[in-house]
Amino acid sequence: MPVPFNLADALDSVLKSAAKTAGLEADAFAPEVRTADARHGDFQANGVLGYSKARKLNPRATAEKLVAALPAEVSSVYEIVIAGPGFINFTLKPATLQAWLTTHDSAAHLKASAASAKHGQAWVVDYSSPNTAKQMHVGHLRSAVIGEAICRLLEFSGARVVRDNHIGDWGTQFGKLIWAYQRHLDAAALAVDPLQEFERLYQIGNAAADADPAVLEQAREELVKLQAGDPTNLAVWKKINDVSLGAFQQIYDQLGIAFDVTLGESFYNDQVERIYRELTETGIAQESQGALVVFHPEHPRFKTQPFIMRKADGASNYATTDLATALYRLEHFHADGIVVVTDFRQADHFEQLFLTVKKWFAAKNYRLPELHHVTFGAVTGEDGKALRTRDGGTIKLKELLAEAEARAFALVSERSSDLTPEERHAIAGVVGVASVQYADLSQNRSSDYVFSWDKMISLEGNTAAYLLYAGARIHSIFRKLGVADPLSRTDQGSALETPAELALARKIVKFADAIRLATETLRPHFLCLYLYELAGEFSAFYAVDKVAVDDLAVRARRLQLCSRTLLVLETGLGLLGLRTLTRM
RNA sequence: GCGGCUAUAGCUCAAUUGGAUAGAGCAUCAGACUUCGAAUCUGAGGGUUUAGGGUUCGAUUCCCUAUGGCCGCACCA
């Protein structure tokens, strides 16, 4: 009997057809299959409750009819129990668990099974997207880390993903920066640490413009000159961007991020005329107070709150470039879906943008891609306010990662003193960065994020180190036993038997459902939660059931269990963007 | 003023989007290393889910009111 990758999905389909057989109104019946609390079984179907209530039927009687209509092979796979007011509980039989483990025996096989939901689709994911001329600080971490995980999840479900770093390289900050560059440049500092120097100059320019309207005016003129193509200003601008992108890349390398394209705001500068024309001729945009704006009369707030797409002085802004960006992603990348990952403060902007794009594309008969604004909460200090270090600056991402690695190095040196310093550094690099990534990913992205060093670089509890440690222990077992090919063992031992073995196997087969949930909601923390529970089941199993036993049939089945745990664990960590280890 | 997000154990967070007895980690307490790695495991205590109402067979989840926090609202991105 073939065992499907996603058991919950398969159960859902089979219940739908059974509903027809049982004489239910099949079109109106949704089985509502979900993973269940282990006390009740592996999966539960709750749909009977709502269905029966709406029709004033006895839910238990409906459930019994439905269960009676299930094909015989379902009851050979599951123990089926109707419980409470009408829940249908499904508990996988050990033989089914065994069959799943035997079938899904390699990374390639897992991916092939999963890659159907978005097969053949193109998705553009816009994430990280920092402004140039500044260093990345902890506030930039979330978009980068969450965005990368989303890319990997979409790829795993079969999509072709375009990773786009939509850098802020054309904003008004450049007027102030160029103004300061011309007057306060420290050439020596520029040679040593150019990004630091640009940041200093920007602060000078910003402060001067705040204090003196005349400076602000001069800064505006510099921006106008830049946007008009003045060679001097253009050269400064280019240098700033080159330096910034070089510094960003070092961080991206550590985080395992490789963008396919880096198309910032400046890229769209020469495409704005078409945007003005199309939105004007379709009647979507209108003149208001000298600016070109879009109102949405059907929307309670945006009927009066304008979406400004051309300023009164004739200049474009980020609304203009974002509109151009949407069009480019459709025409150039043939996007079926667009995901933009930014913090929640831009929610209004993207709601207005998407409303405008929908009307615009409809009016021009352009195909409309799925549009998703993936938001996340702010990173705050312990006081709930915007994050600052003691001296008032922000915490640099570079420093955060270095501190995490240093902590990991201290721990690995203490625990694994037999390793060479090089090995310990390599391990600390993985553990440190993974800890920072995982701390961010494991939290539901919509809530604000209280930053603390301890939390970001913690190595105990629900952390990356816990997951990596579980993996390292599995690798260690294979090393000790001299068994090759740990990720795809095909050992066929005796039947799974102990409670810990069965609990671990039950957790493994729910990988598909965790992936589905994380991908559908674009929330990687669901996958983190699953992997944490998986590692927990493994650790519990490890404590009570020894693998290296003399009984070869027992040893073989446990080796297979270890192999599948490792496969799912490493695949899952890979989808989150974390690197893994064979020892630590 | 208008609007959005948010409030769960001492602290930091979950709760599969309306399901069964609200779960973890940290911290506290009690146990487990001569046996595959103790960065681990087993157990205990800790809750009127901000408050009050409503809808529902069923509410942390949906609706209303109030309160606290964060944020957005005409030319920054």
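Preceding this paragraph is the structure being described.
Residues numbered from 1 in each chain as written. Chains lettered and ligands numbered in written order. Predicted model: local features only at pLDDT ≥ 70, side-chain atom pairs only at ≥ 80, totals over all residues. Heavy atoms only, no water.

Turning to the pairing of strand E11 (residues 370-376), a few remarks are in order. Counted residue by residue, E11 has five buried out of seven residues, so it is predominantly covered. By the bridge criterion, seven bridges tie strand E10 (residues 337-343) to E11 in an arrangement that is parallel. Each bridged residue has a counterpart across the sheet, and for Thr-342 the counterpart in E11 is Thr-375. (Buried < 20%, exposed > 50% of the residue type's maximum accessible area, 1.4 Å probe, protein only. Helix = DSSP H or I, 4+ residues; strand = E, 2+ residues; numbered from the N terminus. Pairing = 2+ DSSP bridges.)

Right, let's talk about the state of the cysteines for a bit. In a disulfide, the sulfur atoms of two cysteines are held together by a covalent bond. On inspection of all chains with the given rule, the structure shows zero disulfides. This cysteine, Cys-151, is not joined by any disulfide, and Cys-528 carries the nearest cysteine sulfur, 16 Å off. The exposure class assigned to Cys-151 is buried, which follows from its relative accessible area of 0%. (Disulfide = S-S within 2.5 Å.)

Time to look at the protein's contact with RNA strand B. Surveying the vicinity of RNA strand B reveals 72 residues, the closest of which are Asn-89, Glu-265, Lys-311, Arg-415 and Tyr-466. Here the atoms of RNA strand B within 4 Å of the protein split so that 57% fall in sugar or phosphate, with bases taking the remainder. Within the backbone of Gln-289, a nitrogen or oxygen atom sits 2.8 Å from a base nitrogen of RNA strand B. Within the side chain of Gln-305, an N or O atom sits 3.0 Å from a sugar or linking oxygen of RNA strand B. Mapped by element, the contributors of at least two residues to the surface near RNA strand B are strand E1 (33-35), helix H2 (47-54), strand E4 (87-92), strand E8 (291-294), helix H16 (397-415), helix H19 (464-481), helix H21 (511-521) and helix H22 (525-544). Sort the elements by how many residues they give to the surface near RNA strand B and H22 lands first, with eight residues. Here the residues of the surface near RNA strand B are counted per class, giving 28 nonpolar, 24 polar and 20 charged. (Near = heavy atom within 4 Å. Polar contact = N/O pair within 3.5 Å; in protein donor to acceptor, adjacent residues only side chain to side chain. Nonpolar A, V, L, I, M, F, W, Y, C, P; charged D, E, K, R; others polar.)

Counted according to the given criterion, the structure contains 23 aromatic pairs. Measuring from centroid to centroid gives 6.4 Å for Tyr-181 and Phe-198, while their planes differ by 25°, and the two rings are stacked. Separated by 17 residues along the polypeptide, Tyr-181 in helix H8 (residues 173-184) and Phe-198 in helix H10 (residues 194-211) bring together distant segments of the chain. Per residue, the accessibility class of Tyr-181 equals that of Phe-198, and both read buried. (Phe/Tyr/Trp six-rings, centres within 6.5 Å; stacked < 30°, edge-to-face > 60°.)

Structural measurements only, silent on function.
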